[in-house]
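# Reading the structure
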Amino acid sequence: MLVNKLKEVWKEITLLSTWIASVAGAFIIPLPSWYASDDNTSFLMKFGVFIATVLAGFLILYSLKNKTIRVWMRLSVNFILVLIGTFITYHFMREAKTLPYLEKDIVIGNEFLDINPFEAFKVSNGFLPARNEQMMILLGDPEKAWTKESIMSNRIQLMGLLFLCYLLSAGFIISFCNLMILYKEEYTIKIEKKNTKTHESDTRY
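Quick caveat, the model's predicted, so the values are computed rather than measured. (Residues numbered from 1 in each chain as written. Predicted model: local features only at pLDDT ≥ 70, side-chain atom pairs only at ≥ 80, totals over all residues. Heavy atoms only, no water.)

Another aspect to go through is the pattern of salt bridges. If the charged atoms of two oppositely charged side chains come close together, the side chains can form a pair. Applying the stated criterion across every chain, the model contains one salt bridge. Close ionic contact of Arg94 with Asp105 constitutes a salt bridge, the shortest N to O distance being 2.6 Å. Within this pair, whereas Arg94 is found in helix H4 (residues 69-97), its partner Asp105 is found in strand E2 (residues 104-107), the two being separated by eleven residues in sequence. Judged by relative accessible area, which is 23%, Arg94 ranks as partly exposed. (Salt bridge = Lys/Arg side-chain N within 4 Å of Asp/Glu carboxyl O. Helix = DSSP H or I, 4+ residues; strand = E, 2+ residues; numbered from the N terminus. Buried < 20%, exposed > 50% of the residue type's maximum accessible area, 1.4 Å probe, protein only.)

In summary, soluble globular proteins display a tendency toward joint burial of nonpolar side chains. In terms of nonpolar packing, the biggest core is built from 34 residues, with Tyr90, Met135, Leu138 and Trp146 touching the most fellow members. Element by element, the count of residues in this core is highest for helix H7 (residues 148-204), at twelve residues. (Core = buried A, V, L, I, M, F, W, Y, C linked by side-chain atoms within 4.5 Å.)

Bringing helix H5 (residues 117-125) into the picture now. Two to three positions downstream of the cap, the backbone nitrogen of Phe118 sits 2.9 Å from a side-chain oxygen, assigning the N-cap of H5 to Asn116. The positive-phi residue at the C-terminal boundary of H5 is Gly126, with phi of around 85 degrees. (Polar contact = N/O pair within 3.5 Å; in protein donor to acceptor, adjacent residues only side chain to side chain.)

Positionally, Pro129 belongs in the loop between H5 and helix H6 (135-138). Sequence-wise, Pro129 and Phe118 are eleven residues apart; in three dimensions their C-alpha atoms are separated by 9.2 Å.

A few words now on a nonpolar patch on the surface. There is a patch of nonpolar side chains on the surface, built from Met73, Val77, Leu81, Phe176, Met180 and Tyr183 and spanning about 520 Å² of accessible area. If you list the elements that add at least two residues to the nonpolar patch, you get H4 and H7. Among the secondary structure elements, Phe176 is positioned in helix H7. (Patch = residues over 30% accessible without salt bridge, like charges linked within 9 Å, V, L, I, M, F, W, Y side chains within 5 Å. Areas by Shrake-Rupley, 256 points an atom, 1.4 Å probe, with all protein chains shown as cover.)

A few words now on the packing of aromatic side chains. Think of a pair of aromatic rings as described by two things: how far the centres are apart, and how the planes are tilted against each other in angle. In total, this model carries seven aromatic pairs according to the counting rule given. Residues Phe118 and Trp146 carry aromatic rings whose centres are separated by 5.5 Å and whose planes lie at 55 degrees to one another, so their mutual orientation is tilted. On the criterion of sequence distance, the pair formed by Phe118 in helix H5 and Trp146 in the loop between H6 and H7 is long-range, its members being 28 residues apart. In terms of burial, Phe118 and Trp146 fall into one category: buried. Here the aromatic rings of Phe172 and Phe176 are separated by 5.6 Å at their centres, their planes lie at 25 degrees, and the arrangement is stacked. Of the two residues, Phe172 and Phe176 both sit in helix H7, four residues apart, roughly one turn of that helix. (Phe/Tyr/Trp six-rings, centres within 6.5 Å; stacked < 30°, edge-to-face > 60°.)

Given below as structure tokens:
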């Protein structure tokens, strides 16, 4: 009796377990080092990742109503394609909008202050360090060179892209798992029908 009940809800249990794993992974997987450069960003990023996985959980509710394989195939493909594009965009934007400092990435801005410390360093020393060493001039404080508004703008863009990456990855995992479950159910039904026809043929003879 218990086994039959478990068979009826095994799909829901599997999808729910996948969603719980996605939520747990949001806190287990380390976030990029740039988010820790600001206390507010640290809180918002963790909260945003949690919200992303919660939103992806609504796919489970949708899966209870829609059991069409084509729909979930399309969702899985769309999720993975958009995820790849979003991650590539995030990767290049992270390279352009952060600078390394003491094994951490510091978010920089787009607009320099009137007094540019990089220009002052170049004038006094005759050269400018390589890009990955320039934050040493500022001792890890980007507000010494860029405006606060431009730094915050870059930080919000990175947060938004990372939020989308987590949302799309959780959505892809759930939709792909549901697709595999539907394929298995369809395959099982076909086998049962085939065995039934074989059994009927044998009984006739």
